[in-house]
Each structure stands twice: as structure tokens, then as C-alpha cells.
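# Observations on chain architecture
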Amino acid sequence: MNPQEAKDWIKSIASDDIQEPKNFEEQALKFIGKDLYESFFKGYTKKQWGCEPSSLPASILKRLPIRFNYDDNYFSHKYQGMPRDGYTYLVQNILSHENIAIKLTTKFDALLKNEFDHIIWTGKLDEWFDYKKGHLGYRTLDFIKFEAEGDFQGTAVMNYGNEEVPFTRISEHKHFTPWEEHHRTIYFKEYSRACTEKDIPYYPIRLVDDKKILDEYIKLARDERGVTFAGRLATYRYMDMDVTIREALDLSKKMLKDIVQGKLIESFYHQEGIS
Ligand SMILES: Cc1cc2nc3c(=O)[nH]c(=O)nc-3n(C[C@H](O)[C@H](O)[C@H](O)COP(=O)(O)OP(=O)(O)OC[C@H]3O[C@@H](n4cnc5c(N)ncnc54)[C@H](O)[C@@H]3O)c2cc1C
């Protein structure tokens, strides 16, 4: 099919009996019809979010690209890339400064609050407030590591859309850096599940109940002094790297300006985080 034929075909298989889609499933059916929805979205979405696609908001579907060309990238950005030597090396270089002291494997404790003039909090928003308004929902991931000779799957990421396969995708990291040569390979199977307090939180769920609790925490965050909430956990949003880095740079610029002008660093909740 050429692009126009493909568009016409999708239109012909899309459900035309749904006027106002009320959830993810209805939006998908209206958009691409039952067969494509079940092949690509239904199983994957159930595994990723641990709930029926009919209980997720229609807006999630808008994040997923559907194209009529041979561009198989997930993102549509004009420029896409990875730091040449990886993020670890990049962050190591940022941190190797005489004014920066690092304590690893140290969980931040509320008792430490008074030891600092100002804190930038990148942990969970509800954790900062000791969960007093309830728990915000997160999904966590289990990564199971495998090794093999040569090339395992020929691409960086392969998604598994069907429900019978328990993992959501396999990432084979050497394909992210095609400029390096490796005879062996490492790949990870990714399993999504509900996040408990012991797990690392990855994705904010943002169902209706979460939004209600979130509003209450945002109110508290606005009144909090001596702390700035930044990043995906502290603002409870799904954020990509480029957005995270942009916001961190903007935030640091604003803070440095306040310091140079002799202003007290105001305790503000990063505005962008509220949307
Ligand atoms: C599986 C997966 C794949 C992704 N793929 C992409 C991709 O392809 N492209 C892309 O652009 N983005 C991707 N992202 C998103 C990207 O990882 C995030 O945007 C980015 O890491 C957010 O940075 P952050 O600093 O806000 O949060 P984080 O990187 O989570 O940093 C928060 C830090 O706070 C620390 N912390 C939390 N609580 C405490 C505490 N109580 N005490 C002390 N320390 C604490 C944590 O240990 C962590 O180091 C992906 C995310 C996931 C989970």
C-alpha cells in the first residue's frame, strides 16, 4: 500500500460507532479498529499498566506514534541520540567537582531536612510528605538479564504485544551504540508489575484516584519551604530524558540567578510539574 491507501484502509477498519471515546480502548478502536488494536496495543497495555485498557484515559493513546512511512523510531524528534560514552560517564563528569560531595546508597531521611539551606527533591512526592494524603500509584519493572554470543535480536528494542508472553519488551543494549564493536551481547527482558514501597518506582499511573491525591500533594508542595520538587518522581509525571534535562537546566538557571541577586532561594514547586 502507498501511504494514502494505508490511510484509507485504516479508516475503513476503524470503528465508526464510537463518537466520543471515553477511554483508551474506545479511542484505539475508533482510531485503528479491533484487529490492529488487539495486535499492537491491547496485550501490551494490559501488561504495562496491570489494568484493562478500558480503565485508562483516552489521552494515553495520543503519546503513541502511528505513521504512514518507514520511520520505525518510537520518538518523532528531529534529533535523537545517546551520550557517546553513556549517561554514567556524563554524570560522573558533572559530579567530579570539588564543591560536590556524594553519598551513595543513602536514603534521604526527613530528619536531614534541617541540615541544608535548600534541598532539590527528586524522590517521590508522596514520600516527602510521609504519605499523609495516601499513596500515589506507580508501576515498577523487573529486568532479567541474559547473555549470548553475537547478536540476539538485531535491534535495540523489540516489543511483545501479545498477552501470552509475560514480558513487555527485550532491550539489547549494544544496538544503542552501533559505533562500538562487541562479539558478545547482553539483553534484558522487561516485566512490569505493581510497585510496593520496597521497589523502585518507574511510571506514575495517574488514574482518576491518583489525580485526586496528587492535587492535595501539589497544594502541600506549594506551601513547603526550603525545598524544590523536580524530576519525574517529585512532580509525578511521565518525563523523557530531553524534557528532564531541559527542566533541570532551566531550574538551575533560575536558582543561580536568585543567588547572584542575593535573593533567598524561594521554595517553589516547579511550575511545569503541575500540569
Ligand atoms: C525503562 C525505562 C525506559 C526509558 N527509556 C527512555 C528513552 O528511551 N528515552 C527517554 O528520553 N527517556 C526514557 N526514560 C525516562 C528517563 O529514564 C527519565 O526521564 C529520567 O530518568 C528522569 O530523571 P529524574 O532525574 O527525574 O529521575 P530519576 O532518574 O529517577 O532520578 C531520581 C533519583 O532520586 C533518587 N531517590 C529517590 N528517592 C530517594 C530517597 N528517598 N533518598 C535518596 N535518593 C532518592 C533515585 O535513586 C534516583 O537516582 C525511560 C524510563 C524507564 C523507566
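Residues numbered from 1 in each chain as written. Predicted model: local features only at pLDDT ≥ 70, side-chain atom pairs only at ≥ 80, totals over all residues. Heavy atoms only, no water.

## A closer look at the side chain of lysine 174
Going by this rule: Under the scheme used here, helices are H or I runs from DSSP no shorter than 4 residues and strands are E runs no shorter than 2 residues, and both carry numbers assigned from the N terminus. A 1.4 Å probe rolled over the protein chains alone gives each residue an accessible area, and that area as a share of the maximum for its type sets the label: buried under 20%, exposed over 50%, partly exposed in between. Two residue types count as positive, namely Lys and Arg, and two as negative, namely Asp and Glu; His and chain ends fall outside the count. In the sections that follow, a salt bridge refers to a side-chain nitrogen of Lys or Arg positioned within 4 Å of a carboxyl oxygen of Asp or Glu. Here a polar contact is recorded for every N or O atom pair within 3.5 Å, except that within protein the pair must consist of a potential hydrogen donor and a potential acceptor, and residues adjacent in sequence are included only if both atoms are side-chain atoms. Contacts are assigned to residue pairs with any non-hydrogen atoms lying within 4.5 Å of each other.
Mapped onto the fold, lysine 174 is located in the loop between strand 4 (169-172) and strand 5 (184-194). In this structure lysine 174 is buried but unpaired, with glutamate 172 as the nearest side chain of opposite charge at 5.1 Å. There is a polar contact of 3.4 Å between the side chain of lysine 174 and the backbone oxygen of arginine 184. Excluding residues within four positions of it along the chain, lysine 174 makes contact with Gly150, Asp151, His182, His183, Arg184 and Thr185.

## Regarding the sheet that holds strand 4
This is how it is decided: Only strands that DSSP links by at least two bridges are regarded as paired with each other.
Taken in spatial order, the five strands of this open sheet run 3-4-5-2-6, and their pairing is antiparallel. For this open sheet the edge positions go to strand 3 (157-159) and strand 6 (203-204), each flanked by a neighbour on one side alone. Pairing of strand 3 with strand 4, which is carried by three bridges, proceeds in the antiparallel orientation. What sits directly across from valine 157, in strand 4, is serine 171.

## Comments concerning the pairing of strand 4
Judged from the four bridges that link them, strand 4 and strand 5 form a sheet pairing that is antiparallel. From the neighbouring strand, glutamate 172 faces strand 5, where its bridge partner is tyrosine 187.

## A short note on the pattern of salt bridges
Across all of its chains, the model carries 16 salt bridges by this definition. Note that lysine 34 and glutamate 38 form a salt bridge whose closest N and O atoms lie 3.6 Å from each other. Of the two residues, lysine 34 and glutamate 38 are both situated in helix 2 (residues 24-49); the distance of four residues between them amounts to about one turn of the helix. The partly exposed category is assigned to glutamate 38, whose relative accessible area is 34%.

## What about the domain arrangement of the protein?
Convention followed: For the domains described, the bounds stem from an automatic or database domain assignment. Buried surface area refers to the total accessible area, computed with a probe of radius 1.4 Å, that the two partners give up upon joining, counted for both partners together.
What the domain assignment lists for the protein is domain 1 (3-63), domain 2 (86-136 + 200-274) and domain 3 (140-194). Domain 1 and domain 3 are separated by 26 Å when their C-alpha centres are compared. Counting from both sides, the interface comprises six residues of domain 1 and, opposite them, eleven residues of domain 3. Buried surface at the junction of domain 1 and domain 3, summed over both partners, amounts to about 730 Å²; 46% is from carbon and sulfur atoms. A per-residue breakdown of the area domain 1 buries against domain 3 is headed by Tyr44, Lys47 and Gln48, which together make up 74% of the total.

## Remarks on the packing of helix 1 (residues 3-13) against helix 2
Note the following rule: All axes here are fitted lines through C-alpha atoms, helices being fitted over the stretch that makes contact, and every angle between N-to-C directions spans 0 to 180 degrees. Convention used here: angles under 35 degrees read as roughly parallel, angles over 145 as roughly antiparallel, angles from 65 to 115 as roughly perpendicular, and any remaining angle as oblique. Only Asp, Glu, Lys and Arg are considered charged in this grouping, and only Ala, Val, Leu, Ile, Met, Phe, Trp, Tyr, Cys and Pro are considered nonpolar; every other residue, Gly among them, is considered polar.
Where helix 1 meets helix 2, the closest approach of the two axes is 6 Å, and the angle between their N-to-C directions is 80 degrees. Classed by the angle they form, the pair helix 1 and helix 2 counts as roughly perpendicular. Residue-level contacts link Trp9, Ile10 and Ile13 of helix 1 to Phe31, Ile32, Gly33, Lys34 and Leu36 of helix 2. When the residues that make up the contact of helix 1 with helix 2 are grouped by side-chain class, the tally is six nonpolar, one polar and one charged.

## Focus: the nonpolar core
Using the following cut-off: The set of buried Ala, Val, Leu, Ile, Met, Phe, Trp, Tyr and Cys residues whose side-chain atoms join them within 4.5 Å is what this entry labels a nonpolar core.
Grouped together as the largest cluster of nonpolar side chains are 36 residues, with contacts concentrated most on Leu125, Leu136 and Phe229. Those elements that provide at least two residues to this core are helix 2, strand 1 (119-121), helix 4 (125-128), strand 2 (138-149), helix 5 (208-223), strand 7 (227-229) and helix 6 (231-234). The leading source of residues in this core is helix 2, at eight residues. Apart from the residues lying within four places of it in its own chain, the contact partners of leucine 136 are Leu125, Asp126, Asp210, Ile213, Leu214, Tyr217 and Tyr236.

## A closer look at the packing of aromatic side chains
Counted only if it meets this: Only rings of Phe, Tyr and Trp enter the pairing, Trp through its six-membered ring, and a pair is recorded when the two centres are within 6.5 Å. The plane angle decides the type: under 30 degrees is stacked, over 60 is edge-to-face, the rest tilted. Only lysine NZ and arginine CZ atoms are considered, and such an atom sits over a ring when it is within 6 Å of the ring centre and within 35 degrees of the ring normal.
Applying the stated criterion to the full structure yields 17 aromatic pairs. When the ring of tryptophan 121 is compared with that of tryptophan 128, the centres are 5.1 Å apart and the planes differ by 55 degrees; the resulting orientation is tilted. Members of the aromatic cluster, connected to one another through ring pairs, are Phe108, Trp121, Trp128, Phe129, Tyr217 and Phe229. When the ring centre of tryptophan 128 is taken as reference, the NZ or CZ atom of lysine 113 above it lies at 4.4 Å. Above the face of the phenylalanine 146 ring, lysine 189 is positioned so that its terminal group lies 4.7 Å from the ring centre.

## Thoughts on the layout of surface pockets
Spelled out, the test is: With a 1 Å grid laid over protein atoms only, a set of points is called a cavity when a 1.4 Å probe fits there but cannot get out and a pocket when it is open yet has protein on both sides within 12 Å along at least five of seven lines; lining residues have an atom within 4 Å of a point. Grid points are joined across faces, edges and corners, and a volume is the space filled by probe spheres set on the points.
Taken as a whole, the second largest pocket holds about 260 Å³ of empty space. What lines the second largest pocket is simply Trp49, Pro57, Ser59, Ile60, Arg63, Tyr203, Pro204, Ile205, Arg206, Lys211, Arg237 and Tyr238. Taken together, the residues of the lining of the second largest pocket sort by class into seven nonpolar, one polar and four charged.

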